[in-house]
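Each chain, letter by letter, is given below.
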Amino acid sequence: MMAPAATALGFELRVLAEGEDVSAVSAVANAPVGDYKDLNHLLEFSRGVDVLTFDHEHVPTAHLRSLIEAGVNVHPGPDALVNAQDKLVMRAAIDRLELPNPRWAAVAGVADLVAFGEEIGWPVVLKMPRGGYDGKGVRIVASADDAAESAGWFEAMSPLLAEAKVEFSRELSAMVARTPDGESRAWPVVHTIQVDGVCDEVIAPALEISLDVAAAAENAALRIANELGVTGVMAVELFETPGVGAGFLINELAMRPHNTGHWTQDGSVTSQFEQHLRAILNLPLGATDLLGPVVVMKNFLGGNNQDLFSAYPAALSSEPAAKVHCYGKAVRPGRKIGHVNLVGTSAADVDSVRQRATTVADIIRNGRIQSGTTTATSEETA
Ligand SMILES: Nc1ncnc2c1ncn2[C@@H]1O[C@H](COP(=O)(O)OP(=O)(O)OP(=O)(O)O)[C@@H](O)[C@H]1O
Ligand SMILES: [Mg+2]
């Protein structure tokens with residue numbers, strides 16, 4: 001999804017692809033296959049590029065340092081990126097910045113986890129500090145008995161992150177971009193809806209949010225970007241907690257274009273993909289204004305329909321204003337395979353905008369050939 005933005009600006013985008021069959025290969029002309037965990041592959045790939053960046057967080061920190069020593073311009077750099085790679089490092093950084101964290105602890109085994117739960121009250125949330133995505137690596141631990149069943153998790157990794165289970169009213173995301181020279185810009189804070197730990201829907205801006213909370217969340221994201229030396233786009237995932245503390249708590253950081261920013265492709269003057277390119281190339285950042293009073297992004301996961309294009313006539317005719325983004329990935333149940341963006345004409349119509357975006361996504365996912373029917377209502381997805 002970064003390729004169209006690169007093309008528009010006349011930049012050549014190259015991708016180090018994990019295999020011939022990954023979806024990015026069809027989007028860029030130059031996509032050598034290599035292993036991002038192999039330093040030699042990274043060095044070979046980096047030869048002659050102006051700047052190296054990421055679409056996931058899993059490139060080993062030590063390799064990034066070696067690349068920099070070899071003269072490669074890496075953005076975001078390893079010292080910033082480690083806060084998105086390791087949730088324990090991130091929690092400590094948020095404490096250092098005196099920004100609002102949930103109660104948390106590094107726990108090295110079941111006994112530590114039980115002690116934490118007894119201290120702050122059950123349930124607690126147990127997380128793998130590294131390698132998680134889409135809720136994989138996140139577990140709710142209801143009681144001391146339940147904690148004993150987490151023993152296997154500590155065999156895979158230790159210490160783990162334990163944190164309070166936050167009673168939030170909704171989840172939010174504050175997205176910003178920052179250049180190496182320190183210019184930064186923020187998009188308005190958005191409302192994100194997770195289903196089974198996976199981002200399902202985004203509403204931009206977060207409607208009826210307290211102005212104080214929105215400003216404080218945006219400032220927190222800009223401060224994190226500045227103080228951690230973040231370059232490129234960063235998403236700060238937040239829990240909204242009205243009337244408690246600052247009115248929000250920080251969940252986690254992502255230092256790259258993020259699912260909660262896909263709405264910007266069709267709903268903002270500058271998309272997150274263009275902004276990321278501008279930021280890492282140390283160019284002036286683009287305006288982040290919305291192109292309408294409300295924008296909805298609805299993800300679709302793999303479902304019954306294997307032949308997505310067969311549903312396009314019905315899907316596209318059901319909502320001519322909808323923008324469909326299909327990732328070119330093989331359809332597998334539960335796998336994110338695309339999203340729909342829809343700009344509304346009035347924030348008061350948000351329910352209808354959500355419903356229309358959902359209808360388009362459902363038709364593609366389920367392959368229903370009749371338009372105008374929908375199964376998921378906004379109540380169900382909320
Ligand atoms: N402390 C918490 N209290 C309540 N709910 C939580 C907490 N931590 C995580 N969650 C829920 O689990 C979801 C996934 O958690 P988290 O964002 O840490 O995991 P992830 O797998 O890294 O996510 P992502 O898909 O964003 O990469 C959150 O969006 C939220 O819905
Ligand atoms: Mg998350």
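A quick note: this is a predicted structure, and the numbers were derived from the prediction, not measured.

1. As for the domain arrangement of the protein
Along its sequence, the protein is carved into domain 1 (3-84), domain 2 (103-164) and domain 3 (170-381). Taking only C-alpha atoms into account, the centre of domain 1 sits 24 Å from that of domain 3. With 19 residues of domain 1 in contact, the opposing surface of domain 3 contributes 20 residues. With both sides pooled, the region where domain 1 packs onto domain 3 buries about 1,500 Å², and carbon together with sulfur makes up 68% of that total. Here domain 1 and domain 3 share one salt bridge between them. Residue E57 pairs with R256 through a salt bridge whose shortest N-O separation is 3.0 Å. Along the contact surface separating domain 1 from domain 3 lie five residue pairs in polar contact (both at pLDDT 80 or more). Mapped by element, the contributors of at least two residues to the side of domain 1 that touches domain 3 are α1 (3-9) and α4 (78-85). Broken down by element, the residue count for the side of domain 1 that touches domain 3 peaks at four residues, all from α4.

2. Considering the pairing of strand β11 (residues 294-301)
In terms of residue burial, β11 counts as a mostly covered element, since seven of its eight residues are buried. Looking at chain direction, strand β8 (residues 198-204) and β11 are connected through four bridges and run antiparallel. Bridge assignment links E201 to a residue of β11, and that residue is K298. Of the pairings in the sheet, the one linking β11 to strand β13 (residues 336-344) comprises eight bridges and is antiparallel in character. Note that in β13 the partner of F300 across the bridge is G338.

Thresholds applied
Residues numbered from 1 in each chain as written. Chains lettered and ligands numbered in written order. Predicted model: local features only at pLDDT ≥ 70, side-chain atom pairs only at ≥ 80, totals over all residues. Heavy atoms only, no water. Domains from an automatic or database assignment. Contact = heavy atoms within 4.5 Å. Buried area = accessible area lost by both parts, 1.4 Å probe. Salt bridge = Lys/Arg side-chain N within 4 Å of Asp/Glu carboxyl O. Polar contact = N/O pair within 3.5 Å; in protein donor to acceptor, adjacent residues only side chain to side chain. Helix = DSSP H or I, 4+ residues; strand = E, 2+ residues; numbered from the N terminus. Buried < 20%, exposed > 50% of the residue type's maximum accessible area, 1.4 Å probe, protein only. Pairing = 2+ DSSP bridges.

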